Amino acid sequence: MKQLNIILSILCLCLLTTGCKKYLDQVPDDRLTLEETFKNRASAEKFLASAYAYIPREHTQRFVGNYNSGPWTGAADEAEYLWGFVESNQMNIGSWDVSSGFTKAFWRDYYKGIRIATFFISNIDNVTVDISAAQKAQYKAEARALRAIYYFHLMRIYGPVVLLGDDVIPVDAPLSDIQLPRSSVDECVDFITSQLDEAAAALPITASNDANIARITKPIALAVKAQTLLYAASPLLNGNPDLANLKNKDGKQLVPQTNDPSKWQKAAAAYKDFITQFVPNTFDLYRVNTGGVLNPYLSCRDAILVDWNKETIFGRPDDDNARNYEVTPYHNGFASEVRGSGGLGATQRQVDAFFMANGKPITDPTSGYVTSGTSQFKAPDDDAPREVFNEWVNREPRFYVNITYDNRTFLNKNSSPVAITRLYFQGNSGKGTSNDYCPTGYIVRKGAQTKDWHQGNSVVILIRLATMYLDYVEALNEASPGDADILIYLNLIRERAGVPLYGSAGLPAPADQAAMRAAIRQERQVELCFENVRYFDTRRWKIAEQTDGGPAFGLDIDSPLPGFYTKKAFETRVFNKRHYFFPIPEEDVNNDAQLVQNPGW
Amino acid sequence: MRNQILLFKKRWLLLGIILLSVINLSAQIAKQNISGSVRDRAGVFLSNISVQVQGSNQGTITDAKGEFNVKASKVDSLVFSGIGYNAQIVVVGDNRVFNIILEAKQNSLNEVVVVGFGRQRKISVVGAQSTINPEELNMPVSNITTMLAGRLSGVIGVQRGGQPGRSGADIWIRGISTFGGGSSAPLLLVDGVERPIDNIDPQDIASFTVLKDAAGTAVYGVRGANGVILITTKQGKIGKPAVQVDFSQGVSMFTQVPKMADAAAYIEAANESYTARGQASKYSQGYLDSTLSGIDPELYPNVDWFDALFKKRGSVRTANVNVSGGTEFLRYYGSVSYYDESGLLKTDKLQSYNADLNFRRFNVTSNVNMNITRTTKLDLGIRGFFSNINQPFIGTQDIFGSAMSTPPTEYPLEYTGGFVPGKNPNGGYRNPWADLTRRGYSTEFNNQLFSNLRLTQDFGFLLKGFSATTMFSFDAANTQIINRGKREDTFFPDPENRRNPDGSLNLTRTFVGGGNYLGYDRQNRGSRNFYWESSLNYDNTFGDHRVGGLALFYTSDKTDAFAGDFASAIPQRYVGLASRITYSYKDRYFIEGNLGYNGSETFAPENRYGFFPAFGVGWVPSNEIFFEPIKNVISYLKFRYSDGLTGIGDIVGRRFGYLTIVADNQQGYRFARDYGYLSGINVTEFGAEVKWAEARKQNLGIEIKTFNDKLSLIVDLFKERRTGIFLRRASLPTFMGLPNSPFGNLGISDNKGVDASVEYNGNFGEFTFSVRGNFTYNRDKMVENDQPAPKYEWMDRRGYNILARFGYIAEGLFRDQGEIEASAVPGDRSIIRPGDIKYKDLNGDGLINSYDQTYVGHGDVPSTVYGFGFGVGYKGFRLDALFTGQYGADIYLAGDAIQPFANGAGISNVFANINDRWSEKNPSQDVFYPRLANGEDRNRNNVQSSSWWIRDADFTRLKTVQLGYTLPKSFMKNIFKNAMIYLQAINPVTFSNFDLWDLESTVNVGNGTRYPNIKSYSLGFNVSF
C-alpha cells in the first residue's frame, strides 16, 4: 500500500513539474508571408493582381463603393436609380454628409491599391529566378501606372490628395509620423503625370497575348496622363476662387487661384501626342458595315458591347451582371432571359440632348422636333414600325442605341414572342406591375446585352478612343480656338454616329469658341452618356449647380397612356458648392492634424 | 484483549439468571473502546466532527483522516455532530466500529461551496459568488441559460428567440465591460473543464455557481475577466441504489405573436401612404369591397400571415431516469434523459418531406467515484448527448421577414394547382407561406461527448493536510447539417388579363426557380478538446488557525476539426498556473491570496504570459465575543472585500495577433480575353504587439442573517476598470491603405454597480413560506475607444455606456409648413410635410447631418435585472412562483412593417396599431407613426436613426410557476420513497408597456422578426424508489 502511495505521489509531482515550454510555440509554420510571396514569380504576379483589383468595376454602381464602382451614373444629370439604397439617390437630394459610408469607400480603397502597388514596386526585384529583367520592369511599370491611375481617381473625387511617395507607411509608424498634409493640385498633377510617363516608357503598346489582354499598356498610361492634364486645366482646378479657402494648416494654397491657360495647351498636346502615336495603327473608332455601308446604330452600340474592339483603350473585364439587370426591362410575361428590372432610368434632360437625325439639336426650331402625338415609326433595330410618341421619332442613331422608350422592341430577340417594352403605368415594365420598374419612363439601353442578361462577362469600358477625341477637341478649343483639328475630330465622332457633320449642308460649323464649346459639350453628353463622364464633366466645368440642382424630369410613370408622355419631376435635386468634391473621411481629418477638410463639409 | 476476556467470562458464567444478570450489568456499564470514521455523502472523511457520549462530557473529535476512538458502554448513545452537518445519534449496542455518514445541512455556513479549481467552506469565501439550488433549474426548457436572469444576482441575460434548439440566452456577469474585438461572454466550466452549458440536463446538475469578482476569477487569468460560471454534475452517494424518475408533458404557445393589421386597415393605410403625399391612392373602393367580401381570394387575397404560419400549440416533453448509490469503495451516479420540443410552425401535409420544426435531445451522464486505496481516489465522469433539430430550409427569421414585408392583400397562400405566388423576376418579395412550406427542410444533428478522469492522492502520511490531484479530460463535438432546399417557379396573374375565358387564372411565370425537387447540401462542424490539470493541495488547522494552499498547473488544447484555413486548424492552446493561499483565524478573520499565471498562443512569445494576482479579506463579527449580546438578533454578519486583476485573452476571429497574415485567393483580376481569373495575394491582417486585456475588479460585500436565520441578505458593491481592450486602431488614417487596421490594446472601460439577494423562510403552523428576491444593476462606461475626437463633443461615444445608441433627437412632428421652412431637415426639403419628424439641429448649421447625432438610447442589454418570488407549502402541497424583469434596455424600431411602406417598393405589412398615426384628421403629436409616406424616397426623413423609434424595453414577467403535490406516505405503501406530481408554467404572463410583440426575444431585431419566446404549461411527476 505504501509503495503504491509513493509511486502515485512521484507520478503526480512529475506531472506537475513537466515543463511545457514548447506548448505554445505553435506558430503556423510554412505559411504564406510577404517574403515568401516575393520569392517566386507566380505569387508575386498574384500580388500584382490584387493591386489591379481596385480598378473600378463600374457595372456594379447599384452598390456604390463595391470595388470602387461609383455613383457617377445615377448622380449625374443623365440618369436615376429606382432603389433607395443606391447612394446616388442620397447624393441627388443632398442627403449625404461626412459620415456617409460610400464617401469613405473610395478614399480607403484607392489608397489600399496604392499601398499594394508601392509595396510591389519596391519588392518585385526580390524575385530572382524564372523572370527576366524586362518582365520585372514591365510589372513594375504596371504597378506604377496603377498607382498613378488611383491617384487620378482620388483627385477627381476628393480634389487635391495626400501623396505618399515611394514608401509604404509602416504599420507601427508613430502617429506623429503620419500627420501628413494634402499636396497641392499642381503637385498631384506633376506626380501623376511624371509617374505615368515613367511607366509608359517601360510598357508595351499592346498586350503580348490574349492571356494578358487586360494589363496596363503604354496607351492606357498616356491616356490617363492626358486626362489628368485635362482635369488640371478645367475651371474647377484651374483658378477656382470658390476653393480659395482650401489651404493647408500652414497656409499652403491647394487649388491654384489664377487661371493658367497654358494648362489647356499641355492637355491638348498630350492628346495630340496620343493620337499621333496610336491612331490608326493601334486604335480606331469602331465601325460596323452592313452591305458595305457604315451602320451607325450597330457601330455605336457595339463599340460598347464587343469585347476589346479597336476603340477600347482601357477596359476592365468583369463577370458581374448587375448592370444587365438594371438595363433589362421587367417585361412581365416574357421569358426570364429578357426579364430584368429596368431600374436605371434616363432623365428627360439626357433624352433631350440627343440630336435629331438631321444633326440639329431639338431646341433648333428647324430641327423638325414634334412634341405631341404619336406616329408609326420603325427603330433601327426593329423589324416593324410601331406606334411611338413623336418626340422619339427621327432622332439620331445614338438615341436608339442609348434609350429604351415605351413600345420599343428589346435587344435580345432570342425570346418568343420578342419582348416589347411598355413603360406606362401598369405596362409590362412600368410602375404598378412590379416592385421593380423604371423611375423615369426611359430605361438606359447603353451596354444592354443582346444575349441572356444573366450572363455576366463583359468589359467595362473606362477609356475609349471617342473619349480621347472629345477630350482633345475640348482642350484644343480652349487652348487654340479655331484650330482645324477641332472640327476634324468632332466630326469623326459624328460621322461614325451617322449624324450630319458640322460644316455640311444645312448644318454650319459652330461660329466661335463659345459656340464650339457648347457643341463639344453636347456631343460629349450624347456620345459618352452613361459612361461615367458626364458626372465629372459637369463638375470640371463648374456647371453642376445648374445641371444637378432643382427638379429632375422624367415621364409621368404614374399614368397610363397618353398621360404617361407628360413630363414630370421625379425629384428635386440638391447641389451646393460643397458637392463639387466628396468630403475627406472625417476620421482621417480628426486623426491627422495636418489634413484639411474640403470646404463646406 | 479486554473484550476477549469479557467474552470468555461470559461463556464460563452461564449458570444462573442472577449471575447472568450481574455479569450483564457489569458488561453494560463497562466502557469499551469504540472506533470508526466519519464521512460525508460523497465519501469525504470529515475531521473536527465531535463524537460525544450522550449525557456525559466524554467525547472526542475526528482527526484529519476522519477517524475517532472513544470509550463508551453498550447502553450509551454516541452523538456525532459538526458545524454544517445534521447531528446523528447512534446506540452503541454490540458494535465496536462505526462508519458514520453525516448529512450536510442545507445552507449552513460550513457548507462546502465550489470555487475556482476547488471547494471551500462557505464561511471562508471572501469573493463574490452567487449560487442557485439546482432544483430551481429543473424546468421543461431545452437550455438552462434562459432560466438564469432574475434568479442569480449578478447575471444579466437576454433570450434572443424561442425557436426549439436555438433558444439559448446571452449571459453576461455584471453586464458588459468590453467592446471591439474581445468577447464579453463568461467562462463556462462544467466539472472543471471549459464546456458549453446549453445542452446539460438540469436534473444532472449538482451545483451551479457564478464567480463574479477578482478573488474568484484571478486564478483563471486570461479567461476570467467576464466572470465564470461553474457547474458540477451529480455524484453517487453511499447507500442502496436510489432511483428517481421524472417525466413531464406540456403544451407550448407563443408568449406573443406580432399583431398585424387586417386587410381593411391595411388598405386604408396603404392608400393614405400615397394620398398623404399628393399621389393617387393604390386600391379602389371596389378592390377593398372585393377583398373584404372574400368572393375571389386568389385575385383579392386577404391573409393574416402570422395566422397562416403559426400553429396554436406545440408540445414539450421531458423525461429523466437516474440512479445513484454505492459503497464506501465505489459510488455511482447515472442518468439518461430525453427532451422533445415541437415548434409552432405549420407544415404542408401535401409535401412528401418532413419540414416540422422540432428539437429532440438525448442525454447520458455517468459519474463513478472509486477509492482505490484508503488514500487514493479515482473519479470518472462521462457525459454526452445527441440532439437533432429539424426545421424548414428557410430560416425562421427570414420567413418572418417575408411576412413583415408582405401585405395581407399581396398574395394568397398559393394559387389553385399549387402554384407559388410571386412578383419579382429575381425572386424578391417572397411568399411567406411558400418560404415555410415549399422550400424544403434542414436537419442539424449534434453529438457531444465529455469525459474526465481524476486521480486524487492524499499525502497525509507525508504531511498532514497535503494532497495532490490530476485530471485529464477529453471532449469531442460533432455537428452535421443537411440542407434539402428547393426553389419553385413563381407565378402571378397577368395584370392585363387576369382570367382566362374559361374562368381559370391566367398565371404568368414571374421567376424561374431551381426546380421542384429537393437539393442536397451537407455541412460539418466539429471540435475536440484536451484538458489536463494537476494540483497540490494543502489544508490544515493549527488550533485556531486554519491554513490552505493550492498550486495548480493546467494545459488546454482545442482543435477545430473542420477549420476553413490552416491558421484556424492549429489547436487553440492555453497553459497556466493557478495558486491560492488561504488563512483564517477562529472563523472570524479570513485572508486569501489568488494568483493566476498563464499564457495564450494568441500573443507573441515576449507578451505571452501574464500574472493575475488578487486578494480578499473577510471578517465575521458575529463570531466575535463582543457580538454575543446581539447574536440573537443578528445571527450572522460578514464583511468581505476583494481586489485584483483578471484578464481576457482571445480576440474574436483573430488568432496569432502578432503575426501578419498573407492570404491567397484575395480579390484579383481577369487578365485574359476569355475572362480567366488570377486571384490575388495580399495581406489580410497586420501583426501587432497585442496582449491580454486586463480587468481590475473590486468588490465589497456584506452578508447578514437575522430572525433566527430566517432572513438572509447579501449585498455586493462592485467596480471594475478594464484596460487594454482589443480594438482595431482607429487612430490610423485610412490613407495608409491598410487592408484592415491592426489590433491594439487600446480600449478602456469602467463598470460599477450593485447586486443583492434576499431570502426569507418562515412558517405559520403547518404553512411554510419563503420569499426571495434578487437584483443586479450595473453601469458600464466606455472610457477610451481610440476614436479621434469628433468635431463636436456630443458625437463622442466616450463617457456613454458601451452599447449606447446614437442618432438624431426627434423633437416631435412638424405642425405646419411654416415650421418646416424654419427648420433644418435631412436631405430633400420638398418631400417634407406636416406630421413628419422634426430633428434637433445640434450644431445650428441649418443642416441635419451626422454632426447632429448624439446619444439617444441605452441599447438592448438592460442595466437592471431583477427577480422576486415566493413559495408556499402546506402539508403535501407546494406552490412556487418567480417573477423576473428588466429595466434600462431599449429597443430601436426599424424595418419592414414597423416603418410601414418605407422600403424601395413601398410595400410592406403593417402592425395592428397602424391607426395610431398622424394624419390630417388626427394631427396629434402623441402618435406612434408619423405621417405616412410610400417608398424609400418619401419616407427618408422619417426613417432616419432617431429617438422617435426608440422604446423602453422594460418588462416584468411571471417566469415560472410550479404547483407540486407530494403524495402522502400512506399512499405510497413502501413502493416509493417519494412521489410528487406537479404542474409547471413558464412565461405565462408578461407585463410591459410595449405590446406589439414579445420584447425579450426580439430586442435587437427592430421589427420583431424573430421566432417568439414560448410559454408552456406542463404536467409531470417525480418518483423515487
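Thresholds, definitions, all that
Residues numbered from 1 in each chain as written. Chains lettered and ligands numbered in written order. Predicted model: local features only at pLDDT ≥ 70, side-chain atom pairs only at ≥ 80, totals over all residues. Heavy atoms only, no water. Phe/Tyr/Trp six-rings, centres within 6.5 Å; stacked < 30°, edge-to-face > 60°. Lys NZ or Arg CZ within 6 Å of the ring centre and 35° of its normal. Helix = DSSP H or I, 4+ residues; strand = E, 2+ residues; numbered from the N terminus. Buried < 20%, exposed > 50% of the residue type's maximum accessible area, 1.4 Å probe, protein only. Contact = heavy atoms within 4.5 Å. Pairing = 2+ DSSP bridges. Axes fitted to C-alpha atoms, helices over the stretch in contact; angles between N-to-C directions. pLDDT = per-residue confidence, 0-100. Buried area = accessible area lost by both parts, 1.4 Å probe. Salt bridge = Lys/Arg side-chain N within 4 Å of Asp/Glu carboxyl O. Polar contact = N/O pair within 3.5 Å; in protein donor to acceptor, adjacent residues only side chain to side chain. Nonpolar A, V, L, I, M, F, W, Y, C, P; charged D, E, K, R; others polar. 1 Å grid on protein atoms, 1.4 Å probe; cavity = no way out; pocket = protein on both sides within 12 Å on 5 of 7 lines; lining within 4 Å. Points joined across faces, edges and corners; volume = space filled by probe spheres on them. Patch = residues over 30% accessible without salt bridge, like charges linked within 9 Å, V, L, I, M, F, W, Y side chains within 5 Å. Areas by Shrake-Rupley, 256 points an atom, 1.4 Å probe, with all protein chains shown as cover. Lys, Arg positive; Asp, Glu negative; His and termini not counted. Charge placed at Lys NZ, Arg CZ, Asp CG, Glu CD. Core = buried A, V, L, I, M, F, W, Y, C linked by side-chain atoms within 4.5 Å. Parallel < 35°, antiparallel > 145°, perpendicular 65-115°, else oblique. Left-handed = near helix turned anticlockwise from the far one by under 90°.

Draft legend 1. Structural context of the packing of aromatic side chains. Counted under the stated rule, the structure contains 99 aromatic pairs over all chains. Above the ring of F671 of chain B, the side-chain terminus of R215 of chain A is found at 3.9 Å from the ring centroid. The ring of W601 of chain A is capped by R578 of chain A, whose NZ or CZ atom sits 5.2 Å from the centre of that ring.

Draft legend 2. Just the environment of H545 of chain B, in detail. Residues and elements named next belong to chain B. Tracing the sequence through the fold places H545 in strand β28 (residues 545–560). You can call H545 partly exposed: its relative accessible area is 32%. As for H545 and D587, which are separated by 42 residues in sequence, their C-alpha atoms are 8.6 Å apart. Those residues in contact with H545, other than ones at most four positions away along the chain, are N540, Y583, S584 and Y585.

Draft legend 3. How the structure looks around the sheet that holds strand β6 (residues 88–91) of chain B. Residues and elements named next belong to chain B. Strand order in this open sheet of four strands is β3-β2-β5-β6, and the pairing throughout is antiparallel. For this open sheet the edge positions go to β3 (59–61) and β6, each flanked by a neighbour on one side alone. On average, adjacent strands in this sheet sit at an angle of 20° to one another, irrespective of strand direction. Pairing analysis gives four bridges linking strand β5 (residues 77–81) to β6, with the strands arranged antiparallel. Each bridged residue has a counterpart across the sheet, and for F80 the counterpart in β6 is Q88.

Draft legend 4. Representation of the confidence of the model for chain A. When pLDDT is averaged along chain A, the result is 93; 96% of the residues meet or exceed 70. Mean pLDDT values for the elements of chain A range from 51 in helix α1 (residues 2–17) of chain A up to 98 in helix α8 (residues 218–233) of chain A.

Draft legend 5. Highlighting the sheet that holds strand β13 (residues 187–190) of chain B. All names here are of chain B. A sheet is described by the order of its strands in space; here five strands give the open sequence β10-β15-β16-β13-β14, paired in mixed fashion. Two strands close off the open sheet at either side, each with one partner strand: β10 (129–132) and β14 (193–194). Pairing geometry for β13 and β14, over two bridges, is antiparallel. Residue pairing across strands places L189 opposite E194, the latter belonging to β14.

Draft legend 6. Spatial organisation of the confidence of the model for chain B. All names here are of chain B. The share of residues in chain B with pLDDT of 70 or more is 96%, and the mean pLDDT across the chain is 88. Within the model, the stretch residues 1–10 combines pLDDT values under 50 with one contact to residues more than four positions away or in other chains. Considering only residues more than four positions removed or in separate chains, one finds that residues 12–27, a stretch of pLDDT under 50, has four contacts. Interface predicted TM-score (ipTM) for the complex: 0.93; the corresponding pTM is 0.83.

Draft legend 7. Expanded view of the interface of chain A and chain B. With 100 residues of chain A at the interface, the matching set in chain B holds 93 residues. Looking only at chain A, the three residues that lose the most surface to chain B are Y23, L24 and N435 of chain A, adding up to 9% of its buried area. On the surface where chain A and chain B come into contact, there are three salt bridges. Here chain A is connected to chain B by 26 residue pairs in polar contact (both at pLDDT 80 or more). Broken down by secondary-structure element, the contributors of at least two residues to the side of chain A that touches chain B are α1, α2 (34–37), α3 (41–52), α4 (87–92), α5 (101–123), β4 (312–318), β12 (458–464) and α19 (586–591) of chain A. Counting residues per element, the side of chain A that touches chain B draws most heavily on α1 of chain A, which supplies nine residues. Tallied by class, residues from the side of chain A that touches chain B come to 47 nonpolar, 29 polar and 24 charged.

Draft legend 8. Region of interest: empty space enclosed by the protein. All names here are of chain A. All told, the structure shown has 17 cavities of 30 Å³ or more when counted by the stated rule. In this structure, the largest cavity encloses a volume near 300 Å³. Elements supplying a minimum of two residues to the lining of the largest cavity: α6 (133–158), α8, β12, α14 (465–479) and α17 (534–540). In terms of residues, the lining of the largest cavity owes the most to one element, α8, which gives four residues. Of the residues that constitute the lining of the largest cavity, the class distribution is 11 nonpolar, four polar and seven charged. Here the second largest cavity defines a volume of roughly 230 Å³. If you go around the second largest cavity, you meet 18 residues; those closest to its centre are H59, I304, R323, G447 and I461. Residue assignment for the lining of the second largest cavity shows that the elements contributing at least two residues are α10 (296–305) and β12. Among the elements that make up the lining of the second largest cavity, the one with the highest residue count is β12 (four residues).

Draft legend 9. Inspection of the side chain of E703 of chain B at higher detail. Residues and elements named next belong to chain B. Its place among the elements puts E703 in strand β35 (residues 693–706). Of the residues examined, E703 reaches a relative accessible area of 14% and is grouped as buried. At 2.8 Å, the side chain of E703 and the side chain of R640 are in polar contact. Excluding its chain neighbours within four sequence positions, the residues that come into contact with E703 are Y636, L637, K638, R640, L713 and I714.

Draft legend 10. Up close: a positive patch on the surface. Residues and elements named next belong to chain B. Side chains of K719, K752, R779 and K781 sit close together on the surface and give a patch of like positive charge. Inspection of the secondary structure puts K719 in strand β36 (residues 711–728). A relative accessible area of 48% means that K719 is categorised as partly exposed.

Draft legend 11. Spotlight on the nonpolar core. By size, the foremost hydrophobic cluster in this structure holds 197 residues, and its most contacted members are W107, Y111, I216, W392, Y405 and F582 of chain A. When residues in this core are grouped by element, the largest group, 14 residues, is from α6 of chain A. Sequence-distant contacts of W392 of chain A, that is, excluding residues within four places in its chain, are made with F377, F399, Y400, Y405, D406, Y442, L555, F564 and Y565 of chain A. Counting residues in hydrophobic clusters, the runner-up holds 66 residues, among them L345, Y411, W949 and Y1011 of chain B.

Draft legend 12. Here's a closer look at the packing of α14 of chain A against helix α16 (residues 513–527) of chain A. Residue and element names in this part refer to chain A. Relative orientation of the contacting elements α14 and α16 amounts to 165°, with a least axis distance of 10 Å. It follows from the interaxial angle that α14 and α16 lie roughly antiparallel. Considering only the axes of α14 and α16, their crossing is left-handed. Note on element contacts: α16 touches α14 through Q513, M516, R517, I520, E523, R524 and E527, opposite A466, T467, L470, D471, V473, E474, N477 and E478.

Draft legend 13. Examining the environment of A64 of chain B more closely. Residue and element names in this part refer to chain B. By the secondary structure assignment, A64 is in the loop between β3 and β4 (67–72). The exposure class of A64 is partly exposed, given its relative accessible area of 42%. Put simply, A64 and N48 are 16 residues apart on the chain and 7.5 Å apart in space, counted from C-alpha to C-alpha. Beyond its immediate sequence surroundings of up to four residues, A64 is in contact with S47 and K464.

Draft legend 14. Spatial organisation of the pairing of strand β30 (residues 589–600) of chain B. All names here are of chain B. Summarising the sheet, strand β29 (residues 572–585) and β30 pair through 12 bridges and their orientation is antiparallel. Counted as the bridge partner of S584 is F590 from β30. Joining the antiparallel neighbours β29 and β30 is a turn of three residues, in which K586 adopts a positive phi near 55°. Sheet analysis places β30 next to strand β31 (residues 609–619), joined by 11 bridges and oriented antiparallel. Following the sheet pairing, E592 is matched in β31 by G616.

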